[in-house]
Amino acid sequence: MENSRIKTNDNRIDYGVILPVFLLCLIGLASLYVALTHDPNNPNMLRTLGFQALWYVLGVVAVIIIMQIKSKWLWKLTPYIYGAGLAVMLALLKFYDRTMADSTGSKNWFRFGPFTLQPSELMKIAYIMMLALVVTQHNVKHRERDLKTDGLLIAKMLAVTIPVLILITLQNDFGTMLVFLAIFGGVFLMSGISWRIIVPVIAAFVILGGGTIFLVTTDVGREFLYNTGIFKEYQFARIDSWLDPFHDTQGQSFQLAYALMAIASGGMFGKGFNVSDVYVPVRESDMIFSVIGENFGFIGSAFVILLYFILIYRMIRVCFDTNNEFYAYLATGIIMMILFHVFENIGANIGLLPLTGIPLPFISQGGSALLSNMIGIGLILSMRYQAETAPKTL
């Protein structure tokens, strides 16, 4: 009987999700070691590395705990978690870390002694849960869909999204806002809303995107964005660096230009572990992919991207395999969160996209982002581990 129980539990654990996450975490620690070893501005390499290792341990503990939580408890706790997240985000507007705000331009960190915490990272999970709850409740109540019920669902989704976007805007964190919009977009597309609504919405976003590109690349547009307070000087600087990474290699585009040179210098197979001939500032966070490119070349970089593809594929499989509608929307939001992070971070490192300060999941330094991603993995793993059906009553 004991062996049968162990075997059953073992089958409920999705090792196809665990293995790529484990390998990405190992790559993260190794890459962080290289970045810190060759950073003259970070003399406390072992201390920083130890803190990151501690966050990995806390992340694993979070995964184990979340796997034990049944869907009915997640369902009941979601509104409280979302409400608490909004309250913390609101408190951040007054009690943010001034030092981090001065260096980054964003008011999105708390400081507790040597630790910093970025509530917006954990708010991503709370938001995903609330969005999944709202969509599931609506779909259970309105089995017969029409444009009226779809419009009502969109209104409900916006009602839980707009407060978050307002708080993120007040914190001057444009990159994080893009992540929330990506999560919203993924759940929106999967929510069963009619294509008669989806197609015009997509067309509107395409027009909006084209208009935004026009505004940020023309003098008249930039003046409008600056005068209205939508964009800040540092955001324009990042766009200029993206458009021409080598226009100011000793100034605003220094980081991106040297990241590109570091990746290019790695060639096909890289220079070898712990070799860093090209200095890239603050390499351990947003630019960590440049470490992988320089040390392990195209082959190593492609392997990391392959791990992310495997992880996303396995999470999609879980999403389709679950017969719990609430879990399905949870999985959709988590997949969009991780996918957007990977796309934006690697795209920015290789010059395809502007820098937005978004970390590389499981690899970049940063406890809040790592813990958020690990909680997301815990929720994904719990879908198979709990093997429950969707709530029938609300």
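Computed from a predicted model, the values in this text were never measured in an experiment.

### Notes on the overall build of the protein chain
In step 1: Along its length, the protein chain carries 15 helices and two strands.
In step 2: A compact globule built from 394 residues should have a C-alpha radius of gyration of about 21 Å, and the protein chain, at 22 Å, falls within 12% of that.
In step 3: If you line up the protein chain on its principal axes, its C-alpha atoms span 60 × 60 × 40 Å.
In step 4: In the protein chain, buried positions account for 50% of the 394 residues.
In step 5: When contacts within the protein chain are restricted to residue pairs at least 6 apart in sequence, long-range pairs at least 24 apart make up 70% of them.

### Considering helix 2 (residues 15–37)
In step 1: With 23 residues, helix 2 should reach 33 Å at 1.5 Å per residue; the first-to-last C-alpha distance of 33 Å fits that figure.
In step 2: Buried residues of helix 2: Val17, Pro20, Val21, Leu24, Cys25, Ile27, Gly28, Ser31, Leu32, Val34, Ala35 and Leu36, and no others.
In step 3: Elements that come into contact with the buried residues of helix 2 comprise helix 3 (45–67), helix 13 (288–321) and helix 15 (367–386).
In step 4: Looking at where helix 2 begins, the residue whose side-chain oxygen comes 3.0 Å from the main-chain nitrogen of glycine 16 is aspartate 14.

### Thoughts on a nonpolar patch on the surface
In step 1: Together, Leu189, Met190, Trp195, Val199, Ile202, Val206, Ile316 and Phe320 line one region of the surface with nonpolar side chains, adding up to about 830 Å² of accessible area.
In step 2: Sorting the residues of the nonpolar patch by element identifies helix 8 (174–190), helix 9 (195–217) and helix 13 as the ones contributing at least two each.
In step 3: Top element by residues in the nonpolar patch is helix 9. It accounts for four residues.
In step 4: On the secondary structure map, valine 206 appears in helix 9.
In step 5: The class of valine 206 is exposed, set by a relative accessible area of 57%.

### Some points on the packing of aromatic side chains
In step 1: A full pass over the atoms with the stated rule returns seven aromatic pairs.
In step 2: Ring plane angle 15 degrees and centroid distance 6.2 Å describe the contact between tyrosine 33 and phenylalanine 273, whose orientation is recorded as stacked. Residue tyrosine 33 is located in helix 2, and its partner phenylalanine 273 is located in the loop between helix 12 (254–265) and helix 13; the two are separated by 240 residues in the primary sequence.
In step 3: Consider the rings of tryptophan 75 and phenylalanine 326, whose centres lie 5.2 Å apart with planes at 85 degrees: the pair is edge-to-face. Here tryptophan 75, found in helix 4 (residues 71–95), pairs with phenylalanine 326, found in helix 14 (residues 325–349); they are 251 residues apart in sequence, far enough to count as distant. Taken as a pair, tryptophan 75 and phenylalanine 326 share a single burial class, namely buried.
In step 4: An aromatic cluster is present here, built from Trp75, Phe326 and Tyr327 joined pairwise through their rings.
In step 5: Geometry around tryptophan 73 places lysine 76 over its ring, the cationic atom sitting 5.0 Å from the centre.

### Topic: the environment of alanine 84
In step 1: By secondary structure assignment, the location of alanine 84 is in helix 4.
In step 2: For the pair formed by alanine 84 and alanine 203, sequence separation is 119 residues and the distance between their alpha carbons is 35 Å.

### Looking at the packing of helix 4 against helix 6 (residues 119–141)
In step 1: Their axes nearest at 8 Å, the elements helix 4 and helix 6 cross at an angle of 140 degrees. The orientation of helix 4 with respect to helix 6, classified from their angle, is oblique. Relative to helix 6, helix 4 is oriented so that their crossing is left-handed. On helix 6, the residues that touch Leu74, Trp75, Thr78, Pro79, Ile81, Tyr82, Gly85, Leu86, Val88, Met89 and Leu92 of helix 4 are Pro119, Ser120, Met123, Ala126, Tyr127, Met129, Met130, Leu133, Thr136 and Gln137.
In step 2: Of the residues that constitute the contact of helix 4 with helix 6, the class distribution is 16 nonpolar, five polar and no charged.

Conventions adopted
Residues numbered from 1 in each chain as written. Predicted model: local features only at pLDDT ≥ 70, side-chain atom pairs only at ≥ 80, totals over all residues. Heavy atoms only, no water. Helix = DSSP H or I, 4+ residues; strand = E, 2+ residues; numbered from the N terminus. Rg over C-alpha atoms; globule rule 2.2 N^0.38 Å. Buried < 20%, exposed > 50% of the residue type's maximum accessible area, 1.4 Å probe, protein only. Contact = heavy atoms within 4.5 Å. Expected span 1.5 Å × (residues − 1). Polar contact = N/O pair within 3.5 Å; in protein donor to acceptor, adjacent residues only side chain to side chain. Patch = residues over 30% accessible without salt bridge, like charges linked within 9 Å, V, L, I, M, F, W, Y side chains within 5 Å. Areas by Shrake-Rupley, 256 points an atom, 1.4 Å probe, with all protein chains shown as cover. Salt bridge = Lys/Arg side-chain N within 4 Å of Asp/Glu carboxyl O. Phe/Tyr/Trp six-rings, centres within 6.5 Å; stacked < 30°, edge-to-face > 60°. Lys NZ or Arg CZ within 6 Å of the ring centre and 35° of its normal. Axes fitted to C-alpha atoms, helices over the stretch in contact; angles between N-to-C directions. Parallel < 35°, antiparallel > 145°, perpendicular 65-115°, else oblique. Left-handed = near helix turned anticlockwise from the far one by under 90°. Nonpolar A, V, L, I, M, F, W, Y, C, P; charged D, E, K, R; others polar.

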